[in-house]
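# Per-entry structural report
If you want the building blocks of each chain, they are given just below.
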Amino acid sequence: MAKIKIASEITGAVWKITTQVGQSIAAGEPLMILESMKMEIPVVSEDGGTVREILVKEGDAVQEGQIVAIVEG
Amino acid sequence: MLRSILIANRGAVAARIIRACRSLGIRPVAVYSEADAGAPYLAEADTAVAIGPAPAQASYLNQDAVIGAARQAGVEGIHPGYGFLSENAAFAQRVIDAGLVFVGPSPRWIEAMGHKTRARELVAQHGLQSSPGSAILAAEPSAITEAARAIGFPVLVKPAGGGGGIGMIAVEREDQLLAAVERARSMATRGFANGDLYLEKRLDRPRHIEFQVVADRDGHVRHLFERDCSVQRRNQKVIEEAPASGIARTEIEARGERIVEVLSRLGYDNIGTVEMLMDARGDFSFLEMNTRLQVEHGVTEEVTGLDLVAIQIRLARGEPLAHVLPEPVRISGHAMQARVYAEDPKRFLPSPGTLRTFRPPAGVRVETGYAEGGQVTPFYDPLLAKVIVHAPDRRQALARLDRALAGFAIEGVKTNIPALRAVLASPEFVSGEIDTGLLGRIVGA
């Protein structure tokens, strides 16, 4: 089982976390929704798997490239 | 009298309104959030008042803070700019109730046009047709599906309480409908504090053609021609021009006159924009009306030689239309604007950062709220600058705009300049075969 690090594509803030640790997700399913410059940007895992860690909480500021979650695929 | 105005906005439009105030001998007062402290235009105002923390809800959308700042600075009016509180009828009413001049139309107009299905009904009663659409969607999935079937796919899901392309989702097939409605409802509730949605027929490759109108308080209305704003990403404009290419002037004149007739019958006041879609057959349908200054007002200013912001302020202080507009107004040459955004040029994802280098091209009109060394924060929209050119014809305007875009030196954030230049270089844009899907096709988004 490979651990996949999910990085934020943008600098912004975490608006809503839509998944929980332990939850299984499909490929392309959003883990959380970020916001920046009046836009909502979903963070998705390209592969399906199980959410192992969520490294941010709602309202946190995130930087481009920052790891926000870990999915085990 | 209107001797001083507070500008309830930020960035390029705040800078623009400060300039218009100066030209009229009006004292401009700026406001700023914590994120905008030190912005270059603040120094151009007489006073700048801090109105709160960076998030817009706490500052530029905070009505108490804005009206409090107006009281503190002792101004006689408030200019809302565009975005933020500019189309908030309750705010406009509060400004008036505070004994101040609201630089915009009467609140009843903001109210009437702000609710998109009611606006469609209102203008339809006066003979301006919209594309086929639904009433406000009920909550039951079966009713939503039925409404979409009655229109026929593809449809657009749109928030009734707001515009600007936010929360608008295209739906190709029935199985995508309910998920799209749910997403749009979440965005609409968040963005406009109103989860009402409706459906509209999605036209095939439409052009976005809008008409600038100006009106006084005595029912006099005139139009200042059209703007073609078809080059868009995420249903938001990025390149605008006037005149619209390839449409007979008699057709434009007839449309403009029709709009003037309807708005004067209804008694519209101050400036506004009637947005229309033109389908492949050349038929126009009403899209929405924006009861405020438009981001692309500079395009109309360049072809008419008028100062629309000064005109707007003079109309708000009660001057008659005949005083503020020459007779006749003519279009001279061709104007084109590009919006330079802090975003990547491929997927248009936001790119905040520090402007290590920020040098706009010289010898061309650039409207910006930024200077070198400034911070582009994630809190507001990604507009860095508008660049507006004017030339004797479209071909020369296009060449001039491309040169201007090539002349920007920006480091520290990604920008959409490569995408803008790709549009300007495309055979479709050059030949005037423009529709709202052009930019998406060019960048492959």
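A brief report on the enclosed structure follows. On a predicted model such as this, the values are computed, not experimentally measured, just so you know.

Calculation notes
Residues numbered from 1 in each chain as written. Chains lettered and ligands numbered in written order. Predicted model: local features only at pLDDT ≥ 70, side-chain atom pairs only at ≥ 80, totals over all residues. Heavy atoms only, no water. Contact = heavy atoms within 4.5 Å. Buried area = accessible area lost by both parts, 1.4 Å probe. Salt bridge = Lys/Arg side-chain N within 4 Å of Asp/Glu carboxyl O. Polar contact = N/O pair within 3.5 Å; in protein donor to acceptor, adjacent residues only side chain to side chain. Helix = DSSP H or I, 4+ residues; strand = E, 2+ residues; numbered from the N terminus. Nonpolar A, V, L, I, M, F, W, Y, C, P; charged D, E, K, R; others polar. 1 Å grid on protein atoms, 1.4 Å probe; cavity = no way out; pocket = protein on both sides within 12 Å on 5 of 7 lines; lining within 4 Å. Points joined across faces, edges and corners; volume = space filled by probe spheres on them. Axes fitted to C-alpha atoms, helices over the stretch in contact; angles between N-to-C directions. Parallel < 35°, antiparallel > 145°, perpendicular 65-115°, else oblique. Buried < 20%, exposed > 50% of the residue type's maximum accessible area, 1.4 Å probe, protein only. Arc of directions from axis to C-beta. Phe/Tyr/Trp six-rings, centres within 6.5 Å; stacked < 30°, edge-to-face > 60°. Lys NZ or Arg CZ within 6 Å of the ring centre and 35° of its normal. Pairing = 2+ DSSP bridges. Core = buried A, V, L, I, M, F, W, Y, C linked by side-chain atoms within 4.5 Å. Domains from an automatic or database assignment.

The next subject is the interface of chain B and chain A. Interfaces are frequently sized by the accessible area removed from exposure as the parts join. Contact residues are listed per partner, giving 19 residues for chain B and 13 residues for chain A. Together, the buried faces of chain B and chain A total about 1,400 Å²; carbon and sulfur atoms form 59% of this surface. Between the two partners, chain B and chain A, sit 4 salt bridges. Where Lys-414 of chain B meets Glu-64 of chain A, a salt bridge forms, and the shortest distance between an N and an O atom there is 3.0 Å. Here chain B and chain A share 5 residue pairs in polar contact (both at pLDDT 80 or more) between them. Of all the elements, helix α7 (residues 177-192) of chain B adds the most residues to the side of chain B that touches chain A, at 3 residues. Looking at the side of chain B that touches chain A, its residues break down into 11 nonpolar, 3 polar and 5 charged.

Moving on, we get to the layout of surface pockets. Residue and element names in this part refer to chain B. Volume-wise, the second largest pocket comes out at about 210 Å³. For the lining of the second largest pocket, the secondary-structure elements that each account for two or more residues are α1 (11-23) and β17 (365-368). Looking at the lining of the second largest pocket, the element that brings in the most residues is α1, giving 4 residues. Grouping the amino acids of the lining of the second largest pocket by side-chain chemistry returns 7 nonpolar, 2 polar and 4 charged.

Residues and elements named next belong to chain B. As a packed pair, helix α4 (residues 107-114) and helix α5 (residues 116-125) sit with axes 5 Å apart at the nearest point and diverge in direction by 100°. Judged by the inter-axis angle, α4 sits roughly perpendicular to α5. Of α5, the residues touching α4 (which contributes Trp-109, Glu-111, Ala-112, Met-113 and Gly-114) are Lys-116, Arg-118, Ala-119, Leu-122 and Val-123. Tallied by class, residues from the contact of α4 with α5 come to 6 nonpolar, 1 polar and 3 charged.

Our next topic: helix α6 (residues 141-151) of chain B. Residues and elements named next belong to chain B. Looking only at α6, the buried set comprises Ile-144, Thr-145, Ala-147, Ala-148 and Ile-151. Seen from one end, α6 has its buried residues packed into an arc of 160°, which puts them on one side. Across from the buried face of α6, at angles greater than 90 degrees, the exposed residues are Ser-142, Glu-146, Arg-149 and Ala-150. On the buried face of α6, the contacting elements are β6 (155-159), α7 and β8 (197-201).

Before going further, it helps to examine the packing of aromatic side chains. Aromatic ring pairs: the centre-centre distance and the angle between the two ring planes describe each pair. A full pass over the atoms with the stated rule returns 6 aromatic pairs over all chains. Between the aromatic rings of Phe-91 of chain B and Phe-102 of chain B, the centroid separation amounts to 6.4 Å while the plane-to-plane angle is 80°, which identifies the pairing as edge-to-face. Taken as a pair, Phe-91 of chain B in helix α3 (residues 89-97) and Phe-102 of chain B in strand β5 (residues 101-102) lie far apart in primary sequence, 11 residues in all. Here Phe-102 of chain B falls in the buried class, since its relative accessible area comes to 5%. For the ring pair Phe-379 of chain B and Tyr-380 of chain B, a centre distance of 6.2 Å and an interplane angle of 55° mean the geometry is tilted. Residue Phe-379 of chain B is classed as partly exposed on the basis of its relative accessible area, which comes to 39%. Residue classification places Tyr-380 of chain B among the buried residues on the basis of a relative accessible area of 2%. Feature note: the residues Tyr-60, Phe-84, Phe-379 and Tyr-380 of chain B constitute an aromatic cluster, connected by ring pairs. Over the ring of Trp-15 of chain A we find Arg-190 of chain B; its NZ or CZ atom is 3.6 Å from the centre of that ring.

Residue and element names in this part refer to chain B. Tracing the backbone shows Glu-210 in strand β9 (residues 207-215). Side-chain polar atoms of Glu-210 contact the side chain of Arg-227, separated by 2.7 Å. Of note is the side chain of Glu-210, whose polar atom sits 3.4 Å from the side chain of Gln-294. Discounting residues that sit within four places of it in the chain, Glu-210 has contacts with Phe-225, Glu-226, Arg-227, Cys-229, Lys-237, Thr-273, Val-274, Glu-275, Met-276, Gln-294 and Glu-296.

So, about the sheet that holds β6 of chain B. In sheet architecture, strand pairing relies on hydrogen bonds along the backbone and comes in two forms, parallel and antiparallel. Residue and element names in this part refer to chain B. With respect to topology, 3 strands assemble into an open sheet ordered β7-β6-β8, the strand pairing being antiparallel. Two strands close off the open sheet at either side, each with one partner strand: β7 (169-171) and β8. Recorded for the sheet is a direction-independent mean angle of 30° between the axes of neighbouring strands. As defined by bridge partners, β6 adjoins β7 across 3 bridges and the pair is classed as antiparallel. Residue pairing for β7: Val-157 is matched across the bridge by Ile-169.

This brings us to the nonpolar core. Residue and element names in this part refer to chain B. In this structure, Leu-6, Ile-239, Leu-384, Leu-405 and Phe-429 are the most contacted members of the largest nonpolar core, which totals 101 residues. Sort the elements by how many residues they give to this core and α1 lands first, with 8 residues. When residues of this core are assigned to domains, at least three fall in each of domain 1 (4-103) and domain 3 (207-443). Beyond its immediate stretch of four places on either side in the chain, Phe-429 contacts Val-231, Ile-239, Glu-241, Met-336, Arg-394, Leu-398, Val-423, Leu-424, Ile-434 and Leu-438. Core analysis: the next-biggest nonpolar cluster, separate from the first, contains 25 residues, Phe-211, Ile-247, Tyr-268 and Met-278 among them.

Such coordinate-based values are descriptive only and should not be taken to indicate function.
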